[in-house]
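Structural overview
Okay, here's what each chain looks like letter by letter:
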Amino acid sequence: MSKKLNMYMNGDWVESSSNETFDIINPATQEVIAIAPKATKEETEEAIKAAKRTFESGVWSYLPPQERARVLLQIAEKMEEHLNELAELEVQNNGKTKREAESDAQEAINSFRYYAGLLNMPDGQTYEYSDDMQTLIVKEPIGTAGLIVPWNFPLLMSVWKIAPALAAGNSIILKPAEITPITAVKLFELIDETDLPKGAANLLLGSGSVVGQTIAESEDVDIVSFTGSTGVGRHIMTAATGNMKKVSLELGGKSPNIIFDDADLETAVDYALYGIFLGAGQVCSSGSRILVQEGIYDKFVERYVERAKAIKVGPGNDEKAEMGAIVSRKHLESILEYVKIGIEEGANLALGGSQIKWGELEKGFFLEPTIFIDVTNCMRIVREEIFGPVVTVQKFKDEDDAIKDANDTDFGLAGAVFSNDQNKALRVIKRVRAGITWVNAYHLTNVQAPWGGYKQSGIGRSLGTYGLDEYQETKQINMNL
Ligand code: TAP
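Along every chain, residues carry numbers that run from 1 in the direction the sequence is written. Per-residue local features are limited, in this predicted model, to residues with pLDDT of at least 70; the limit for side-chain atom pairs, both in listing and counting, is 80 or more; totals at the level of whole chains, interfaces and linings are taken over all residues. Water and hydrogen atoms were dropped before computing side-chain values, which therefore reflect all heavy atoms in the structure.

**Regarding the environment of threonine 214**
Note the cut-off: Every helix listed is a DSSP run of H or I at least four residues long, and every strand listed is a run of E at least two residues long, numbered separately from the N terminus. We call two residues in contact whenever any of their non-hydrogen atoms come within 4.5 Å of each other. Any pair of nitrogen or oxygen atoms within 3.5 Å is treated as a polar contact; in protein, a donor-acceptor pairing is required on top of that, and neighbouring residues in sequence qualify only through side-chain atoms on both sides.
Structurally, threonine 214 can be placed in helix α7 (residues 208-217). Look past the residues within four positions of threonine 214 in its chain and what remains in contact with it is Lys41, Thr44, Glu45 and Ile48. Among the polar contacts made by the side chain of threonine 214, one reaches the main-chain carbonyl oxygen of valine 210 at a distance of 2.5 Å.

**As for the environment of proline 197**
Within the secondary structure, proline 197 sits in the loop between α6 (182-192) and β10 (201-203). The spatial distance from the C-alpha of proline 197 to the C-alpha of serine 171 is 9.8 Å, given a sequence separation of 26 residues. When near neighbours in sequence (up to four residues on either side) are disregarded, proline 197 contacts Val59 and Trp60.

**Observations concerning the site of the ligand**
As a reminder of what qualifies: Only a single heavy atom is needed: when it lies within 4 Å of a molecule or strand, its residue is near that molecule or strand. Areas reported as accessible are Shrake-Rupley estimates using a 1.4 Å probe. Residue values count occlusion only from the protein chains shown. Gly is placed with the polar residues, together with every amino acid not listed as nonpolar (Ala, Val, Leu, Ile, Met, Phe, Trp, Tyr, Cys and Pro) or charged (Asp, Glu, Lys and Arg).
Not every one of the 30 residues close to the ligand is listed here, only the nearest: Glu178, Gly208, Ser229, Leu251 and Glu385. Within the backbone of valine 149, an N or O atom sits 2.8 Å from an oxygen atom of the ligand. Here the ligand has 920 Å² of accessible area as a free molecule, and 87% of this is covered by the chains. Among the secondary structure elements, those contributing two or more residues to the shell around the ligand are α7, β11 (223-227) and α8 (230-239). Of the residues belonging to the shell around the ligand, the class tally is 15 nonpolar, 11 polar and 4 charged.

**Observations concerning the packing of aromatic side chains**
Rules: The pairing test for Phe, Tyr and Trp rings, Trp by its six-membered ring, is centres within 6.5 Å, and the orientation test on the planes gives stacked under 30 degrees, edge-to-face over 60, and tilted for anything in between. Our definition puts a charge over a ring when NZ of Lys or CZ of Arg is within 6 Å of the ring centre and also within 35 degrees of the ring normal.
Here the structure, examined in full by the defined rule, presents 9 aromatic pairs. Following the ring pairs from residue to residue traces out a cluster consisting of Tyr8, Trp13 and Phe188. Note that lysine 96 overlies the ring of phenylalanine 153, its terminal NZ or CZ placed 3.9 Å from the centroid. A cation over an aromatic ring shows up here: lysine 395 above the ring of tyrosine 297, its NZ or CZ 4.9 Å from the ring centre.

**Overview of the sheet that holds strand β4 (residues 21-25)**
Rules: Two strands pair under a simple rule: DSSP has to find at least two bridges between them.
Read across the open sheet, the 3 strands follow the order β1-β5-β4; overall the sheet is mixed. Only two strands of the sheet have a single neighbouring strand rather than two, namely β1 (3-4) and β4. Note that β1 and strand β5 (residues 32-37) share 2 bridges and pair parallel. In the sheet register, lysine 3 faces β5, and the bridge partner there is alanine 34.

**Digging into the pattern of salt bridges**
This is how it is decided: Just to be clear on terms, a salt bridge is a Lys or Arg side-chain nitrogen sitting within 4 Å of an Asp or Glu carboxyl oxygen. Classification of residues uses two cut-offs on accessible area relative to the type maximum, computed with a 1.4 Å probe and protein chains only: under 20% is buried, over 50% is exposed, and between them is partly exposed.
All chains considered together, the criterion is met by 30 salt bridges. Aspartate 469 serves as the salt-bridge partner of lysine 139, at 3.0 Å between the closest nitrogen and oxygen. Here lysine 139, found in strand β7 (residues 133-141), pairs with aspartate 469, found in helix α15 (residues 464-469); they are 330 residues apart in sequence, far enough to count as distant. Residue lysine 139 is classed as partly exposed on the basis of its relative accessible area of 29%. For the salt bridge of lysine 475 with glutamate 140, the shortest nitrogen-to-oxygen distance reads 3.1 Å. Placement of the pair is lysine 475 in strand β21 (residues 472-480) and glutamate 140 in strand β7, with a sequence separation of 335 residues. Using a relative accessible area of 36% as the deciding quantity, one classes lysine 475 as partly exposed. With a relative accessible area of 31%, glutamate 140 lands in the partly exposed category. Through salt bridges with shared partners, a single ionic network connects Glu266, Asp270, Arg303, Glu306 and Arg307.

Read these as layout, nothing more, since geometry by itself doesn't imply function.
Dropping the structure here:
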């Protein structure tokens, strides 16, 4: 029997009054692994009210920072005790490999610990205006925070929002993606065992068009923090204008990975593989556009295709699997449509392009690592976010050419440069218009560093001290002494 999931509102586990449910599918097997409720608009409003009441009561928002830190550390502790279970649930629901899911869970734990640590640091500024006038600049929570997350890192994206939002003293309402709610439910089961006051954290399950939309529009929500596609992000910005709530957006990307002639070939190939095939390419910061200098282009393509061919695709719970499943049939079909578009546009398909339909993998949504070469910037497969294990490789002449192509995009999330000339690498990466960048590496990051995009990749930053700022108001207090 599939597990029936419930929602967490005002400190209680509740069923939805709606008769509508949603089957949660394991993308590696197509088995139904849980049944989720679809919250109604009224239930969403009720959860928002509970969060608002809790915020205004001060039981969490006025708690001394060290006390809030203690609770965040409790959550981290509980997660650590259940790390393996959290990772296994993520594998079942999202289809990623166990190694990837364990790393996500560990990063989520680190996030709670990091923000607990920040709460133990002195904060604020002072300015002595004159002998008898002093200004204090202090940070305060914003209020009620609506947190809307996607399906690609269900646990990690939730925690990247929950940890700083709670650290700042806000009350939260989390809405996971409809298709991947399972680790969020487990996380809230763990939160329920801590000293977090009732109503400070609420979990709603259901659709974006009802739950997400109600959160974005609500006049009782003071900040909506959204991670997802640029299209829905734009829609949320409009919906949020009613009460001019703060909007924080982490959106899509089409990130350039620039490889110069003088790069170490094996290092570049390693990271260019990791850059796109981590999470089967369903990663916002994926290096989905590889730009290679003409002198090394043929050698790079030959080695890259050879190495990608050897990637072992399989169910996340297979220890040997290096790349897991695509999250859903709908998403698999959307990726395959892009492969078709690429071929029609005249790109050269050097590897993959098909669903894997043999042996055990036939039961799930598995796709071959896919490489298009000899592409140009005007092709849709180079301009649009495919969000799957599909990468394009194109040639450039010199530095200026590389920068022009790299920045010829509506997105600005991530980017990388590979070169053994550190001066050149720094010069070029500084001119790449993106918020998350690497030199001679890809995807490596940490909770201390701010995460977010330029241009249509978003507004605001997660993580680091910037991530806490996102959930805080700044106040000046002028003291006439
Ligand atoms: P979306 O379709 O945009 O969905 C994201 C979340 O928004 C889901 O919870 C979704 O609910 C909800 N939503 C949908 N319509 C809504 C509406 N009208 N009002 C409010 N909420 C609504 O994205 P996705 O397909 O889950 O995730 C993939 C995208 O996320 C990619 O573009 C990727 O680049 C981006 N992403 C960005 C980052 C960062 S940090 N920049 C990180 C991860 C992913 P339902 O599940 O019910 O549709």
